[in-house]
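Commentary on secondary and tertiary structure
Now for the letters of each chain:
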Amino acid sequence: MSERRLEYEPFACAPALKLEAHERVSRLQVEALNARLDRLEALMERLEKRLWLAVYGVAGGILVQALLGLVTVTP
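These numbers come from a predicted model, not from an experiment.

1. Some remarks on the overall build of the protein
Along the protein, the regular secondary structure elements total one helix and zero strands. Here the protein holds 75 residues, and 0% of them are scored as buried. On the protein, roughly 7900 Å² of surface is accessible, and the fraction owed to carbon and sulfur atoms is 65%.

See below:
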């Protein structure tokens, strides 16, 4: 007697469809979260550049004030 395997056509059942839909929603949520994080990182990098520019500007202003004070004191 030869062993035969019966092959059935795949069918969609409600629990499998729910699981698949949940996986898709989860994947979309993770992708949206990653996109938001990327935008936030870019925003933070721009803010950091502006902050350093302000720090260097203040330091430059202080140095200019000090040099002007030295120039006016010396003959």
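2. Focus: the pattern of salt bridges
What the rule picks out here adds up to one salt bridge. Glutamate 20 is the partner of arginine 24 in a salt bridge, and the nearest nitrogen-oxygen pair spans 3.8 Å. Taken as a pair, arginine 24 and glutamate 20 lie in helix 1 (residues 14–73) at a separation of four residues, close to a single helical turn. For arginine 24, a relative accessible area of 42% translates into the label partly exposed.

3. Digging into a nonpolar patch on the surface
A surface patch of nonpolar side chains, amounting to about 470 Å² of accessible area, comprises Leu33, Leu37, Leu40, Leu43 and Met44. Within the secondary structure, leucine 40 sits in helix 1.

4. A word on a negative patch on the surface
On the surface, a cluster of negative charge is contributed by Asp38, Glu41, Glu45 and Glu48. Structurally, aspartate 38 is set in helix 1.

5. Some thoughts on the UniProt feature "transmembrane region" (unreviewed entry) in the protein
Here, the residues flagged by UniProt with the feature "transmembrane region" (unreviewed entry) are residues 51–73. Helix makes up 100% of residues 51–73 and strand makes up 0%, while its end C-alpha atoms are separated by 33 Å.

Rules of the game
- Residues numbered from 1 in each chain as written.
- Predicted model: local features only at pLDDT ≥ 70, side-chain atom pairs only at ≥ 80, totals over all residues.
- Heavy atoms only, no water.
- Helix = DSSP H or I, 4+ residues; strand = E, 2+ residues; numbered from the N terminus.
- Buried < 20%, exposed > 50% of the residue type's maximum accessible area, 1.4 Å probe, protein only.
- Areas by Shrake-Rupley, 256 points an atom, 1.4 Å probe, with all protein chains shown as cover.
- Salt bridge = Lys/Arg side-chain N within 4 Å of Asp/Glu carboxyl O.
- Patch = residues over 30% accessible without salt bridge, like charges linked within 9 Å, V, L, I, M, F, W, Y side chains within 5 Å.
- Lys, Arg positive; Asp, Glu negative; His and termini not counted.
- Charge placed at Lys NZ, Arg CZ, Asp CG, Glu CD.
- UniProt positions renumbered as here; feature names shortened; annotations may be inferred.

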